[in-house]
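The chain contents come next:
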Amino acid sequence: MAAAVVGCSLTACSTTGGTRTDTAPPAATVSASQDTRSAEEAQETQDTQDDSDSDTIVVALDKTATWNNGVKAHLSGFGRGTSGEYASPSGEPYLAFSVTLQNGSESTIDLVLVSLSCPDGAEEVFDTDAGFGGAPDTHLLPGKSQTWKAACVFPKTAKDAQIEITPTDSSDSGWYRPAIFTGQVR
């Protein structure tokens, strides 16, 4: 049961003296798991955590959370940067990442209703020049997946990250249990 995860490249744009320059933020190394198995071996042993027996799903930053109805969430492509002049908030150091949501359920998921909580209650960064515009304004049909870029205010010296993702669907089942991704970044 392999999950297709679409990678995104992260870029940050800054404006200096009226000219726009694209710069790639330094990559952040995730040390959430010290797994030495190959990607194929990891998939064979289900590197996911489901929500069958708890109020939350807790997984390492580089693992996949799976709800009991087949919906999966995965974070990838971690990087650091500083938000641009026209971002909200502007001039703040951030931790950027890609969010992939795969709908393995029988219900449609409204991506606008996906809740993202940043480490230590920090603000989510909205910077259209860098591609951080929040979750897509669309519905995710059963069997489909969607990836978008996100960023959270994250001090340059911070290492411990906890990011929470909570989707909802358009049926009467309501909110899912929160998936808590946790680990360290360098």
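For the structure, check the block above.
Residues numbered from 1 in each chain as written. Predicted model: local features only at pLDDT ≥ 70, side-chain atom pairs only at ≥ 80, totals over all residues. Heavy atoms only, no water.

J.: Explain the overall build of the chain here, please?
T.: Across its full length, the chain carries 1 helix and 13 strands. Walking the chain from its N terminus toward its C terminus, one meets helices and strands in the order β-β-α-β-β-β-β-β-β-β-β-β-β-β. Within the chain, the fraction of its 186 residues that count as buried is 43%. The long-range share in the chain, meaning contacts at least 24 apart out of those at least 6 apart in sequence, stands at 68%. For the chain, the accessible surface area stands at approximately 9,500 Å², while carbon and sulfur atoms represent 47% of it. (Helix = DSSP H or I, 4+ residues; strand = E, 2+ residues; numbered from the N terminus. Buried < 20%, exposed > 50% of the residue type's maximum accessible area, 1.4 Å probe, protein only. Contact = heavy atoms within 4.5 Å. Areas by Shrake-Rupley, 256 points an atom, 1.4 Å probe, with all protein chains shown as cover.)

J.: Is there a simple way to think about the state of the cysteines in this case?
T.: Two cysteines, two sulfur atoms, one covalent bond between them: this is a disulfide. Tallied over the full model, the rule gives 1 disulfide. In this model, C118 is linked to C152 through a disulfide, with the two sulfur atoms separated by 2.1 Å. Linking C118 and C152, the disulfide has an S-S dihedral of approximately -70° and is accordingly described as left-handed. Here C118, found in the loop between β9 (115–117) and β10 (139–140), pairs with C152, found in strand β11 (residues 145–153); they are 34 residues apart in sequence, far enough to count as distant. For the pair formed by C118 and C152, the shared burial category is buried. (Disulfide = S-S within 2.5 Å.)

J.: Which parts of the structure should I look at to understand the sheet that holds strand β4 (residues 57–60)?
T.: Backbone hydrogen bonds hold the strands of a sheet together, and the pairing may be parallel or antiparallel. Strand order in the open sheet made by the 4 strands is β4-β13-β12-β9, with mixed pairing throughout. Among the strands making up the open sheet, the edge pair consists of β4 and β9. Each adjacent strand pair in this sheet contributes to an overall mean axis angle of 20°, direction not counted. Bridge count for β9 against strand β12 (residues 160–166) is 3 bridges, and the pairing is antiparallel. Paired with S117 across the two strands is E164, which belongs to β12. (Pairing = 2+ DSSP bridges. Axes fitted to C-alpha atoms, helices over the stretch in contact; angles between N-to-C directions.)

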